[in-house]
Amino acid sequence: MKREEALAIVRTQLKEQRYIHTLGVMETAIELAKLYGADVQKAELAAIFHDYAKFRTKEEMKRIIIEQHMPQDLLAYSPELWHAPVGAYLVQTEVGIQDEDILQAIRYHTSGRPNMTLLEKIVYIADYIEPNRSFPGVDEVRALAREHLDRALFRALQNTIQFLMDKREPIYPDTFHTYNDIAKKLK
Ligand code: GDP
Ligand code: FE
Ligand code: FE
Ligand code: FE
């Protein structure tokens, strides 16, 4: 699928600000894919569709998580996590993208997972550092992302977990499992 077609589809699903965020993720994912030798076209498509399900209702997302036998522990954690796996499902069934690498990058873009592929890491980090993002620590991860992808991923996870803990939010186990996985690999 060509970029213009993909963008036209995703645009119907998103509010203006979220579409602008998506364009930022697309540009950043392409840049990182070139830098680290990933498949640039897959990075582009995964980035374009990563937040496809962002504005679905909780009810619809919950129904899909149950009916499609996704990890049921998702339902015990923040609905913020749900658009990632539900997005992978809808991008496959509604948009018709069958490439498993792309679908996995969408599925794991919020929590991450142990043993992430290069493409998954690129989408996760591009989502975190795209130019429209501004929060404490983002510039450090921006710089790290161009030097050492795993160190950037680790810093992003550290920041996310710290941020959630400061808000007394529950942490989804996969978020911790991803953190632990990278922590061990960086030792
Ligand atoms: P976005 O969709 O572009 O806004 O970014 P993400 O998909 O990466 O994250 C969506 C939201 O999920 C953010 O507000 C994160 O803080 C939140 N989030 C990520 N991991 C966890 C987690 O383990 N637990 C909880 N409660 N929220 C999380
Ligand atoms: Fe997201
Ligand atoms: Fe993210
Ligand atoms: Fe996003």
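Rules behind the numbers
Residues numbered from 1 in each chain as written. Chains lettered and ligands numbered in written order. Predicted model: local features only at pLDDT ≥ 70, side-chain atom pairs only at ≥ 80, totals over all residues. Heavy atoms only, no water. Donors = N, O, S within 2.8 Å, 3.2 Å for Na, K, Ca; no water. Buried < 20%, exposed > 50% of the residue type's maximum accessible area, 1.4 Å probe, protein only. Axes fitted to C-alpha atoms, helices over the stretch in contact; angles between N-to-C directions. Helix = DSSP H or I, 4+ residues; strand = E, 2+ residues; numbered from the N terminus. Parallel < 35°, antiparallel > 145°, perpendicular 65-115°, else oblique. Left-handed = near helix turned anticlockwise from the far one by under 90°. Contact = heavy atoms within 4.5 Å.

**Student:** Sorry, what's going on with the coordination of the iron ion (ligand 4) here?
**Tutor:** Octahedral metals with six donors have ideal donor angles of 90 or 180 degrees. Tetrahedral metals with four donors have an ideal donor angle of 109.5 degrees. At the metal site, the iron ion (ligand 4) is ligated by H21 (NE2), H50 (NE2), D51 (OD) and D127 (OD), and these contacts range over 2.2 Å. Sequence spacing of the donors to the iron ion (ligand 4): H-x28-H-D-x75-D. Between the iron ion (ligand 4) and the iron ion (ligand 2) the interatomic distance comes to 3.6 Å, and D51 is a ligand of both metals. D51 carries the same exposure label as H50, and that label is buried.

**Student:** When you look at the packing of helix 8 (residues 138–145) against helix 9 (residues 149–166) in this model, what are you seeing that I'm missing?
**Tutor:** Two packed helices can be described by the angle between their axes and the distance between those axes. Where helix 8 contacts helix 9, the two axes come as close as 7 Å, and the packing angle between them is 160°. The pairing of helix 8 with helix 9 is recorded here as roughly antiparallel in orientation. Note that helix 8 runs across helix 9; the crossing there is left-handed. Here helix 8 contributes E140, V141, L144 and A145 to the contact with helix 9, which in turn contributes L149, R151, A152, R155, A156 and N159.

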